[in-house]
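Survey of secondary and tertiary structure
For reference, the chains in residue letters:
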2 protein chains.
Amino acid sequence: MYPSAPDKSPPSVEEAARRRREPRAFDASRPLDAAALEGVLAVATLAPSPFDLQPWRFLVIRDEADRRRLKARARNDPRIAQAPAVVVVLGYHHPDRTHLEPMLTARTAAGDCSPARAAEIRGRATSAMRGVADRASWATRWAMPAATLLVLAAQSAGMASVVVETFDDEAVRREFGIPDDHSIACLIALGHAVDDEPPAGRLGLDEVCFAGHFGRPWGP
Amino acid sequence: MYPSAPDKSPPSVEEAARRRREPRAFDASRPLDAAALEGVLAVATLAPSPFDLQPWRFLVIRDEADRRRLKARARNDPRIAQAPAVVVVLGYHHPDRTHLEPMLTARTAAGDCSPARAAEIRGRATSAMRGVADRASWATRWAMPAATLLVLAAQSAGMASVVVETFDDEAVRREFGIPDDHSIACLIALGHAVDDEPPAGRLGLDEVCFAGHFGRPWGP
């Protein structure tokens, strides 16, 4: 899984999150190990999602001309062309239509789930998804856990990553054939850093955390 | 950081993601270690966000009566009342207004960032945020990396978690004083599991991953 560091144990969740730095530039001459990239993508699929609907899709751009085209649609961020791989993280709007039944069938067949339990899950999932007014926003939101896990898995595998959220949505769709029932959540450039941005400070729990009621100070 | 397992090294990112199970029920009689909960929240703040704006906020509900009130607003999911802590993960709409300048000032003061570089980051962040048409959706999306890290950190600390996305948004805001410039991204119930849901199968990379163009099969 981590061929670049065979004799070091991979970092914990906290260590991976703490060590993450935004690269100022990627080393365009250093390719990514293909197996390591595949491993990172596989870890990303383990992310949580409602009813395990797994609405994320990954469009991996490795061809240099393709990365240059993508860069032109992402405010010319040079890192998009430097990074040997850029993952366009997509959110799929209708996983309940296409994925729910096969998943329940597989779980029932595996003995993990009684038919009654499958019916209950089907009922709850269908009802919940019926309540989703904005499918595009829902899919974007629930692609983010996979994007986050992808970044942490990349860090664990010794890769640098930067999450890019500013791009021309319509142009990227057109260039790479992304259909209307998928939203673009973000772009993640992956590679080896030349130079890291110093870490930005973190807001403390006294600033971001409340206890019991909004605005009431947090204390453990 | 991980007082519940002092002599075991914490799991890697992949192990934490792979071991995660959805609890069918929480053991309401087993409290959460307060220091461990604080540690999990602190790890969640290490999540990535655009320009490190950190738009997440955590409203931690521990009081039993409060959890019952929250449960009533979340389709009566019994786990919300069983779990000793429920984190309402919020996305704050305007971190660029309140957090960008203090962050740049701190970075410049620390010598991490020249005034020219700070001006460049300010310009890019301001321009990017000016392009955000829907602040509520932006904030919800960028609260999700913190929610994801919270789930992984909880797993690493030996806690079970379930992410709940179906709730009465207006009622939860009213009950817990959440202002209009914050969106509710999800609820995360944290505790010790009585019984786990068997893991749902994962879609393979052949199903969720494309190479170079949407629909083109992925291969490493």
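Note that this is a predicted model, so its numbers are computed, not measured. (Residues numbered from 1 in each chain as written. Chains lettered and ligands numbered in written order. Predicted model: local features only at pLDDT ≥ 70, side-chain atom pairs only at ≥ 80, totals over all residues.)

1. Section: the overall build of chain A
- Scanning chain A from terminus to terminus reveals 10 helices and seven strands.
- Principal-axis analysis of the C-alpha atoms gives chain A an extent of 55 × 50 × 40 Å.
- Burial status across chain A gives 47% buried among its 220 residues.
- In chain A, the proportion of contacts linking residues at least 24 apart, taken out of those at least 6 apart, comes to 80%. (Helix = DSSP H or I, 4+ residues; strand = E, 2+ residues; numbered from the N terminus. Buried ≥ 20, exposed ≤ 12 C-beta atoms within 10 Å, placed from the backbone. Contact = placed C-beta atoms within 7 Å.)

2. Re the relation of the copies chain B and chain A
- When chain B is fitted to chain A, the residual RMSD is 0.0 Å, and the transformation amounts to a turn of 180° plus an axial shift of 0.0 Å. Between the two chains, the operation in question is that of a two-fold axis.
- A shared interface surface links the copies, since 100% of the contact residues of chain B are contact residues in chain A too. (Least-squares fit on C-alpha atoms with pLDDT ≥ 70 in both.)

3. Some points on the interface of chain B and chain A
- Of the residues lining the interface, 75 residues belong to chain B; the matching set on chain A comes to 75 residues.
- The greatest single-element share of the side of chain B that touches chain A, amounting to 11 residues, is contributed by helix α8 (residues 135-156) of chain B.
- In terms of residue class, the side of chain B that touches chain A is made up of 46 nonpolar, 15 polar and 14 charged. (Nonpolar A, V, L, I, M, F, W, Y, C, P; charged D, E, K, R; others polar.)

4. Here we look at the environment of Arg18(B)
- Mapped onto the elements of the fold, Arg18(B) is located in helix α1 (residues 13-19).
- Spatially, the C-alpha atoms of Arg18(B) and Arg141(B) are 23 Å apart, while their sequence positions differ by 123 residues.

5. Focus on the pairing of strand β2 (residues 56-61) of chain B
- For β2(B), the buried fraction is high: six of the six residues fall into the buried class.
- Relative to β2(B), strand β7 (residues 209-211) of chain A is paired through three bridges, and the arrangement is parallel. Paired with Phe210(A) across the strands is Leu59(B), a residue of β2(B).
- Summarising the sheet, β2(B) and strand β3 (residues 85-92) of chain B pair through six bridges and their orientation is antiparallel. When the sheet's bridge partners are listed, Phe58(B) is paired in β3(B) with Val89(B). (Pairing = 2+ DSSP bridges.)

6. Comments concerning the confidence of the model for chain A
- Confidence in the prediction for chain A averages 93 pLDDT; 97% of positions are at 70 or higher.
- The ipTM assigned to the predicted complex is 0.93, against a pTM of 0.94. (pLDDT = per-residue confidence, 0-100.)

7. A few points about helix α3 (residues 64-72) of chain A
Residues and elements named next belong to chain A.
- For α3, the full list of buried residues reads Arg 67, Leu 70 and Lys 71. Each buried residue of α3 lies within a common arc of 100° when the element is viewed along its axis, so the set occupies one face. Pointing more than 90 degrees away from the buried face of α3 are the exposed residues Ala 65 and Arg 68.
- Contacts made by the buried residues of α3 are with β2 (56-61), α4 (78-82), β3 (85-92) and α9 (169-176). (Arc of directions from axis to C-beta.)

8. Quick word on the sheet that holds strand β7 (residues 209-211) of chain B
- Pairing is mixed across the open sheet formed by five strands, whose spatial order is β4(A)-β5(A)-β3(A)-β2(A)-β7(B). Every interior strand has two partners, whereas the edge strands, β4 (160-164) of chain A together with β7 of chain B, have only one. Here the strands of the sheet are splayed against their neighbours by 25° on average, with no regard to which way each runs. (Axes fitted to C-alpha atoms, helices over the stretch in contact; angles between N-to-C directions.)

9. Quick look at the packing of helix α8 (residues 135-156) of chain A against α8(B)
- The N-to-C vectors of α8(A) and α8(B) enclose an angle of 35°; their axes lie 8 Å apart at closest approach. Regarding α8(A) and α8(B), the two cross each other, and that crossing is right-handed. Facing Ser137(A), Thr140(A), Arg141(A), Met144(A), Pro145(A), Thr148(A) and Leu149(A) of α8(A), the residues of α8(B) in contact are Ser137(B), Thr140(B), Arg141(B), Met144(B), Pro145(B), Thr148(B) and Leu149(B).
- Residue composition of the contact of α8(A) with α8(B), grouped by class: six nonpolar, six polar and two charged. (Left-handed = near helix turned anticlockwise from the far one by under 90°.)

10. A few points about the nonpolar core
- Ranked by size, the top nonpolar core spans 128 residues in total, and within it Val89(A), Ile188(A), Val89(B) and Ile188(B) carry the most contacts.
- Setting aside residues no more than four positions away along its own chain, Val89(A) makes contact with Trp56(A), Phe58(A), Ala143(A), Ala146(A), Ala147(A), Ala185(A), Cys186(A) and Ile188(A). (Core = buried A, V, L, I, M, F, W, Y, C linked by C-beta atoms within 7 Å.)

11. Quick look at the environment of Leu149(A)
- In this fold, Leu149(A) is placed in helix α8.
- The sequence separation of Leu149(A) and Gly219(A) amounts to 70 residues, and the corresponding C-alpha distance is 28 Å.

12. Remarks on the pairing of β3(B)
Residues and elements named next belong to chain B.
- With eight of eight residues buried, β3 lies mostly within the body of the structure.
- The alternating pattern of β3 places Ala 85, Val 87, Val 89 and Gly 91 on one face and Val 86, Val 88, Leu 90 and Tyr 92 on the opposite face, and all of these are buried.
- Inspection of the sheet shows β3 paired to strand β5 (residues 182-191) by eight bridges, in the antiparallel sense. Paired with Gly 91 across the strands is Ser 183, a residue of β5.

13. Some remarks on the sheet that holds β5(B)
- Taking strand neighbours across the sheet as the criterion, the five strands line up as β7(A)-β2(B)-β3(B)-β5(B)-β4(B) in an open arrangement whose pairing is mixed. Each edge of the open sheet is held by one strand with a lone partner, namely β7 of chain A together with β4 (160-164) of chain B. Taking the axes of each pair of neighbouring strands and ignoring which way they run, one obtains an average angle of 25° across the sheet.

14. What to know about unusual backbone geometry
Residue and element names in this part refer to chain A.
- The backbone phi angle of Asn 76 is positive, close to 55°, even though this residue is not glycine.
- The topology assignment puts Asn 76 in the loop between α3 and α4.
- Asn 76 gets classed as exposed once you count the C-beta atoms within 10 Å, which come to 10.

15. Some remarks on the environment of Arg124(A)
All names here are of chain A.
- Checked against the element boundaries, Arg 124 lands in helix α7 (residues 115-130).
- We classify Arg 124 as partly exposed; it has 15 C-beta atoms within 10 Å.
- Taking C-alpha positions, Arg 124 is 37 Å from Glu 15, a pair spaced 109 residues apart along the chain.

16. Brief notes about the packing of helix α6 (residues 100-109) of chain B against helix α7 (residues 115-130) of chain B
All names here are of chain B.
- Where α6 contacts α7, the axes come no closer than 10 Å and their chain directions differ by 160°. Relative to α7, the element α6 is oriented roughly antiparallel. Where α6 crosses over α7, the two elements pack in a sense that is right-handed. Contact residues: Leu 100, Leu 104, Arg 107 and Thr 108 in α6; Pro 115, Ala 118, Ile 121, Arg 122 and Ala 125 in α7.
- Grouping the amino acids of the contact of α6 with α7 by side-chain chemistry returns six nonpolar, one polar and two charged. (Parallel < 35°, antiparallel > 145°, perpendicular 65-115°, else oblique.)

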